[in-house]
Each structure stands twice: as C-alpha cells, then as structure tokens.
Amino acid sequence: MSITTLAEDEVPQVSAMTDLLKDALAHAQTIKPAATIEPPLTKSNFESFMVRLPAIFPSLAPDSTPQSKDSDKARLYATVETAARRIFSSMVSSTSIGSPKFVQVWNLFDLLSILSDNEQCDPALLFWLVEELLDSQTVDGCRKVFDFLESRRERITAKNLKQKSLVILRSCNDLLRRLSRAEDAAFCGRVYIFMFQSIPPGDRSSVNLRGEYHVENVTAFEETPAALDSPVPDKMDIDGEGGHPKSDGKDVKPAPKAVSFEAKNKPDSDKILDTDLLYPIFWALQHFFSQPTTLFDQSELTKFKSGIEATMTAFESVEKIQKSGKGPDEHKLIPQKRKAAEANEDLRSTNNNPKYLTSRELFELELRSTNFVLSQISDLYFRRHILIQAFIIIDFLLSLTPQARAKIANVQQNRSVVYADKNLGEDNVGNTPKIFFSEIWAKKMKDRITSYIQADSDGFFFFRVVESVISRDKGWVRWKVENCPPIERPSVSPVEFNEAKAGAKRLATSRRPKAGLNSLSLAFMDEKDDNQSLERLKDPTRWRLPDLAEFKNKIASDDLDLDFANSEKEKTQLLESKASKTWRALRIARRSRLAAFDKIEDWQNVDVIFQESVAEETQEDDGADKGKCPKNTTPIILSGPSGVGKSTLTSLLLERQKGAFNKIVRHTTRAAKNGEVNGQDFHFVDLKTFNTMLDGDYFLESSNDNEVRYGTSQKFVNAPEASEKVALIQLDREGTQMAKDNGFSARIAFISPPSLEVLEARLRKIEGLSEEEVQQKLKASQEEIEQSGSSDLYDRVIINDDLETAYKALEDFIYESANANGVHEETSTDEDTAMKDETNDDDANPS
Ligand SMILES: Nc1ncnc2c1ncn2[C@@H]1O[C@H](COP(=O)(O)OP(=O)(O)OP(=O)(O)O)[C@@H](O)[C@H]1O
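Here's a quick rundown of the structure. It should be emphasised that the depicted structure is a prediction, and the values quoted were computed from it without experimental measurement. Numbers given for residues are sequential positions, taken from 1 along each chain in its written order. pLDDT decides what is reported in this predicted model: residues at 70 or higher carry local features, side-chain atom pairs at 80 or more are listed and counted, and totals for whole chains, interfaces and linings draw on all residues regardless.

Let's shift gears to the overall build of the chain. Numbered from the N terminus, helices here are DSSP runs of H or I no shorter than four residues, and strands are runs of E no shorter than two. Along the chain, the regular secondary structure elements total 33 helices and 12 strands. The exposure scheme places C-beta atoms from the backbone and then counts, for each residue, the other C-beta atoms within 10 Å of its own, assigning buried at 20 or more, exposed at 12 or fewer, and partly exposed in between. Among the 847 residues that make up the chain, the fraction classed as buried is 26%. Once C-beta atoms are placed from the backbone, any two residues with those atoms within 7 Å are in contact. Contacts spanning at least 24 positions in sequence make up 70% of the contacts within the chain whose residues lie at least 6 apart.

What follows covers the sheet that holds strand β7 (residues 699-705). Should DSSP find at least two bridges between two strands, the strands are taken to pair. In spatial order, the strands read β6-β5-β8-β7; together these four strands make up an open sheet with mixed pairing. Only two strands of the sheet have a single partner each, and these edge strands are β6 (683-684) and β7. Across the sheet, helix α26 (residues 687-695) touches β5 (667-668), β7 and β8 (708-713), and the angle it forms with β8 is around 45 degrees. To obtain each axis, a line is fitted to C-alpha atoms, and for helices this fit is confined to the stretch in contact; angles are then taken between N-to-C directions over 0 to 180 degrees. Each of β7 and β8 is contacted by helix α28 (residues 733-741), which is oriented at about 155 degrees to β7, the strand it contacts most.

Quick look at the site of the ligand now. We call a residue near a molecule or strand when its C-beta atom, built from the backbone, sits within 6 Å of it. The ligand sits among 14 residues. The nearest are S642, G645, S647, R762 and L803. Of all elements in the fold, only α25 (646-656), α29 (756-765) and α31 (803-815) reach the threshold of two or more residues within the shell around the ligand. Looking at the shell around the ligand element by element, the count peaks at three residues for α25.

If you look at the biggest cluster of nonpolar residues, it comprises 47 residues, and the most contacted ones within it are V80, A84, L108, L111, L112, L125 and L129. Looking at this core, the elements with two or more residues in it are α1 (12-31), α4 (66-94), α5 (103-117), α6 (125-136), α7 (139-157), α8 (161-178) and α9 (185-198). Counting residues in hydrophobic clusters, the runner-up holds 39 residues, among them V644, L763, I798 and L810. For this entry, the nonpolar core is defined as buried Ala, Val, Leu, Ile, Met, Phe, Trp, Tyr and Cys residues connected by C-beta atoms within 7 Å.

Let us now look at helix α10 (residues 275-290). The terminal C-alpha atoms of α10 lie 23 Å apart, and with 16 residues this matches the ideal 22 Å at 1.5 Å per residue to within 8%. When α10 is considered as a whole, its buried residues turn out to be T275, L278, Y279, F282, W283, L285 and F288. To estimate the expected span of a helix, subtract one from its residue number and multiply by 1.5 Å.

Our focus in this paragraph is the pairing of β8. Every regular strand shows the same layout, with side chains that alternate between the two sheet faces. One ladder, built from two bridges, connects β5 with β8; its direction is antiparallel. Bridge assignment links H667 to a residue of β8, and that residue is G711. Adjacent in sequence and paired antiparallel, β7 and β8 are bridged by two residues, among which N706 carries a positive phi angle near 55 degrees.

Another point: the packing of α1 against α4. Running from N to C, α1 and α4 point in directions that differ by 55 degrees, and their axes come no closer than 9 Å. Considering their axes alone, α1 and α4 lie oblique with respect to each other. Considering only the axes of α1 and α4, their crossing is right-handed. Of α4, the residues touching α1 (which contributes Q13, V14, M17, T18, L21 and K22) are T79, V80, T82, A83, A84, R86 and I87. When residues are sorted by character, Ala, Val, Leu, Ile, Met, Phe, Trp, Tyr, Cys and Pro go into the nonpolar class, Asp, Glu, Lys and Arg into the charged class, and all the rest, Gly among them, into the polar class. Of the residues belonging to the contact of α1 with α4, the class tally is seven nonpolar, four polar and two charged. Angular relationships are summarised with four words: roughly parallel below 35 degrees, roughly antiparallel beyond 145, roughly perpendicular across 65 to 115, and oblique for the angles in between. In this scheme, a crossing is called left-handed if the near helix is turned counterclockwise away from the far one by less than a right angle; it is called right-handed if the turn is clockwise.

Quick look at the pairing of strand β11 (residues 796-799) now. Both faces of β11 are covered, namely the face carrying R796 and I798 and the face carrying V797 and I799. Where strand β10 (residues 747-752) and β11 come together, four bridges link them in parallel fashion. Paired with F750 across the two strands is V797, which belongs to β11.

Put simply, E38 and P39 share a cis peptide bond, and its omega is -10 degrees. The topology assignment puts P39 in the loop between α1 and α2 (47-50). Of note, the phi angle at E119 is positive, near 60 degrees, even though the residue is not glycine. Looking at the secondary structure, you find E119 in the loop between α5 and α6. Taking the number of C-beta atoms within 10 Å as the measure of exposure, E119 has 15 and is therefore partly exposed. In the Ramachandran plot, N160 falls in the positive-phi region, its phi being about 50 degrees despite a non-glycine side chain. Considering the arrangement of structural elements, one finds N160 in the loop between α7 and α8. Using a count of 15 C-beta atoms within 10 Å as the deciding quantity, one classes N160 as partly exposed.

Looking now at the environment of A310. Along the chain, A310 falls in helix α11 (residues 298-324). Note on A310: 19 C-beta atoms within 10 Å, which makes it partly exposed. Residues A310 and L278 lie 32 residues apart in sequence; the distance between their C-alpha atoms is 7.2 Å.

The subject of this paragraph is the packing of α4 against α6. Across the interface, α4 lies against α6 with an axial gap of 11 Å and an inter-helix angle of 25 degrees. Compared by their axis directions, α4 and α6 come out roughly parallel. Crossing of α4 over α6 shows right-handed handedness. The residues of α6 that touch α4, namely those facing V80, E81, A84, F88 and V92, are L125, L129, L133 and S136.

The following block contains the structure:
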C-alpha cells in the first residue's frame, strides 16, 4: 500500500505536501495545547492551510474544471499518503503513546479526517495508519488508540464508509485475534461495539458468504506412537501416583497406562480406551471441528463418529470417578452443591485462555486432574470446551437433515453455505445418499453431550449460556443462507404509531377484577388436623428474621436468570421475584446499614448494602463531632507531586472537620505497602480488573505512574453528593487533567512544596521508595511545580511548608463562598497565606 520510494524526496509535490502537513500540525499545537485526545480539531482550525493546497495541486483551485480534478485525484491521494506516512512513521518511531507529545499523532489523524471529508486524500488513509499504529502498540497502547477512535467514531465514519469498512474490519479483527477473551474481555467488547457502531448490522462486507472455513487453524499433536516419542519427563509425575516412575536414575518408559478409567466404571456398551490409544483419536477431532466439510467423506465421518464416542466414554468415566470420590481426597475438591452464581464466579476466575497444549504427557491431566495440581474447575473447563465444539459440529450435521432443509425450502438460498448435494440419511438407507450419516446417531449424541454438560452442579446454567449463544448464531446463519436480505425496516408512520399507542393504552388500562374484592381464599381455615397446623407454625423460617447475606445470593441468582429469560413473561416474573427479595433485603438492612442507602442509584443493584465496610463507616461517623460542611459542595481535588503532603492535609481535614468530607479512595494496581489498608488507602486490584473497570467507563480519571495504574471510581465520587458530604480526591497532574478533560466539575488546589530540596526530604520519609524512584519522582515534579503558577488547571496553589499554615490556606480555599470558586488562580506563598489568615480570619475559620 505504501507509495513511499527511495526517490520520493525528489518529487517536489511530496516535499511541499510534507511541509504543509508539518506546518498544519505545528499550528494545531498552538490551538490545542492540551496533550489530550479531546477536543477534536475542526476544519476551521486548518482553513489557512487549505488555501495553500492549490499551490501544490492547481487542480484543487476552486475554478479548475471537474475533469482536471478527477484526473489529478490519484496523484493527489498518493502525494498526501506519502507525506502523511512519512510524518506518521517518524512520530510513531520516536514517541511513545503515553507521552504528551503523542498528541501530534491524534492531531495528524484529525487533519487526515478533514482532508478525507474534503476528498483531498484517500478516505481509507486514516484507517491504514490506525491499522499500522495498532500493530505497533501493546494492548495498553491499543486501548489509547481506541479512546481516539471512539471519540471520533461518528465523524470519521460519516462519509465514504464503503472505502473504509474493510480496513476497519481488518484492523479490529486483527486486534481481536491478539486480545485474550478471558483477560481483556471488556476491551474485546469495546472493539466489537466499535465495529458494530461503525458498520451497519446489515452490511455484507464482513459476511463469509462463500462459507469458507478457517483452515489455517491446525492443532498439532504427536502422531508418533507413544513408545517412540518423548522420554519420560522429569516432573510430569506431578503427584507421583499418576506419573512415570524412574529407577536407578534412569528414565524408564512405563507401559502404556489406562487413564485410571477403572473397569468398574465402564459403561456397558462402550469400551474405555487407554490414554495412549485415545490421545491421537481425541486430538484428531480438532481437524473435523475446524473443517466440518471433510465430514462429507464417508470414511472421515466414520472416524469422527468413533472419535466422538471414544471421547464421550472417556469423559463420562472421568466424571464418574470424580463423583464417586475415587483418588486421594478428591471429594474435597469437588464443590458441594454450589449456588449457580458462585459457581459461575469460580469459573470466571479460572477462565484460562483456551490454548491447547497437546503434549502427550499432559493429556491425562487435561482429561481429569486426579493429581490436583490442576483444579477440578479448569479441568472441567477443558472438557466443556471440547464438548461445545462437538455440539456445534453435530448441530451442523443435523442442519443437513431433510426436516431442517424443509424449513428453508422456500427461500432463495446461498448455495455456498447450504450444501444442497450432501444428504444426511440413515446408515445404508437407499437413494445413494452422498453422506451416510445417521440422524439418529447425531441426535443421540447431542442428547448425550447435553446431559453430560448439565450433570455438573452449575452445568444447567452453563448449558443455558451455550444454548442461547448457539440459537442467536443460528439466526445469523439463516440470514447468510438467505443471501443476507436487507435488515433495515421502513420507518413507522405517525398514523401507525398512534394506532399502536392507542392499542397499547387500551390493553394497559386496568379493568375491574373478575372476582370481587377481598376474595382472598379462606380455605386454610378448614384445616382438619389442628396439630399439624400448629406444628407448621413452629417452623423457624416463618418467624425468624432472615440473615441479610442470604438475600445476596438469591438476588444474584435472579439476576442470572434474568439474563437468560426466554420470554417477556418469564422476565416479568423474575423481575417481580427480584423486586420482592430486594425489598425484603432493604427492610432488614435499614436497621444496620441505613447510610448505605444513599449510595443506591438503581433498585436493580443494591449490592452496597451487603458490604461490611459501609456499616463500619456509618458507626464511625455517628459517634463523631460533626465538622462544618462547606456551602459549596463541589468535589475538591488536591493535586500535586508525590510526597508533597496531600495525604497529610487530607487526614487533617478529615480529622478536624469530621463528617464534612468523604475521602475518595482510588483504585490501584500496585501491591499494598506495609500498613496500608485495602479500601482505606487504596482499593487494591489486579491489572485485569483495573482494565475491565477502565473499559467499562468506571473511572472518572486514570493515570499511569511507572507502570502502576491508578483510577478514581465515578460511583464513589457521586455517592457522597447524595449524603451531602464533599468528595475529597487526591490526584496527580495526569489524573487531574483527565478529570477536567472529562468534564468533571471540581475545585482544584495544587499543593506545592516550598522547594525541591524539601520535597526530596519528604520523599525520603516515604517507606519503601528506592533512590531511583525518588529521583524519578523529583524529576517528574520539577516541571509540574514550575508550570503550576501559570496553568489554568488549578483554582488555587497552596505551598505546603509549615503544615498548619498550609492547612489553614486549604480551609480558606474550601470554605470560601461559592462565588470565589474557580474564578481566579492564586499563588499563595507562606507570607501570602499568613497575611490572609490575619485579615480574613473570620471567613477562613469554618468552625
Ligand atoms: N508541611 C509538612 N512539613 C513536614 N513534613 C510534611 C509536611 N507535609 C507532609 N509531610 C511529610 O511528607 C511525607 C509525604 O507526605 P504525604 O504522604 O502526605 O504526601 P502525598 O502527597 O500524599 O504523597 P503521595 O502522592 O506519594 O501519596 C510524609 O512523611 C509527611 O509526614
């Protein structure tokens, strides 16, 4: 695609275009000094550069003829592309995506989007560069690229989408291939959403209309006989019992050993194969899973059938062994009847990225983990993964039955995906079917797989997920079979709308109940056996107040059911049931967790009442002398370099103005230091959780300090507003800038050290900081401090030299009248602050 050649410098138009783009980017920096993606640059920002274009390409002059415009278009596009790529490559190779200088790349993209809308460059150019950028970045970097794409989506996809859609699809799909579905699930979601929002759902460009399979996906395994390959591994005998013994220091290959599928557990009809025999049969199934059309060959089909049967038999016997508790302590590992929600949570946490390890030595462990090094859950996960593949293929075979074909007989079919000449008949039944496959066998096998999956404690829920995904997918398959008819529907006319509205109103109008009022059944009074009734009343569940925690799981279970409700009726019933449980939980919680009620934003999510910390927090507040609450309840941000004293000032404020402020605890990916308490100093989360929160727009700001991520939860910040406490947030400069860019309204005070030397001394007081970290922090602080006086980011600069003076200055800032908020920026020195204290003592002293 690149047009760049060694001799390109000799093309005067390319050099002129490069200069023009560079000038435009330098100009962009003066218009938008912030190093952020927002705000986007617009056409009016570049007007003065647009007028220079005709000097390079006369055909772009307003008075040139359309013919000359057309004939020059290809040259213009090539020139802009060469110039843009040259600038882009030098920027990307010299600047990291986290650096503020990288804003120039976002500016270049904005510029190209404007040129593309003016038909002055190839419409796809921006996306070609985005594709290269995504290729060159780590997953974290790709997140930033997506921040840009999402913020500009409407603008960059509004025109000429056809030329852009293929490259959008290609780059998104490439990225999805790189992402781990388990680790980066939320980011995958963002990529999908971007694709779906950019490309209309009915667009055929992404549809595999020729029904091609992804045949490159080959699963390699050891095809040589067990005895010839791999010597006995050193450590594969994980528990000794199931491993390969050694004698006299020499490796000895043991005789092929059965998977401990004991004879007692053998199903009557099926023979349980030994591991070495099963190994190649089992892994060969992957070939059919990735290329189902090979099953049209009868001999292949026979192999597939026997492979699936052998695998099922092995899986079933594994399950029997585990259920019967054979093997040391196995019963301890098998979870007792677990609540569905809990089980799902466990599954998620052990949700490995399904990459097959096909080594012969691992095989037994994968099938069943009697060795307990692998948990039962991950083992189950592996088996389920295989079974779902088998389930899909069998479903595919069943779509070839005459009954299935009859359903689509009347539609115009896409022959490439229908396989009209392949039939699924009974074994050896006439009409010379090209595929001799037993429908009965397929149905039986499908049932067998279904019951196997459902047999586990949470299997029922898991299978429902599988079923609903597959049934949705069938809708898409059908659409493809029907040659992708347009899915847009004509808009509803006002007349139709009014009719529907009136109809709905009629239906919703309550009618008189048929039965009379007060017609409650009194049949219980006819109870014959009085004693029994009395006994029933003694049941503790009738009079004992249930435990609040009991409702947590019940509500979670209702939530899960709601996700999979098949009909509106079922959904309504479940919602009612959830509402009733939520109401009862709230009634119990009101005794001990009333303060938490403020944090409930939506009745559908009352998790906050189940959190222990809320109760403790409330008790602490209750006993305290109340401090004075500022009139202006806008959140306060204390910004400033690390070690300057933000936490110290925050603690003083919380202590002296009890109950007036709510310290917002940030989330971080770093480990807790000595003495740090989770939830009090930080919410300590792992990177995966952090990224999920980040992708889910959970944070109002986030920053990165030496690969440690920090973020402030929007929810926590908004919660105190309701309880009339003022949110108090400590942020570094990056976080402060981001919060402001995101439109978060706050009063921001910059806490500055009196000098770098003092800051250095304070940093050294912080436990666990290495010399290198101290120097890094000092270096980062220097620029921040220098710019603080002139930056419009801060509403007030407070020098933290003498702690009491700085505290006073902070109170001044917080308690001053709402009018003074944010309208001026003031650099207060010690003397200033001291002077102010004397003159404004009344105002300044809140108490
Ligand atoms: N005015 C002051 N005079 C002397 N020491 C101070 C003063 N303010 C803070 N300190 C000390 O400086 C050290 C760092 O303070 P603190 O932890 O509050 O900084 P911070 O800005 O919250 O840092 P970070 O952002 O890294 O968490 C602490 O040991 C604290 O006791």
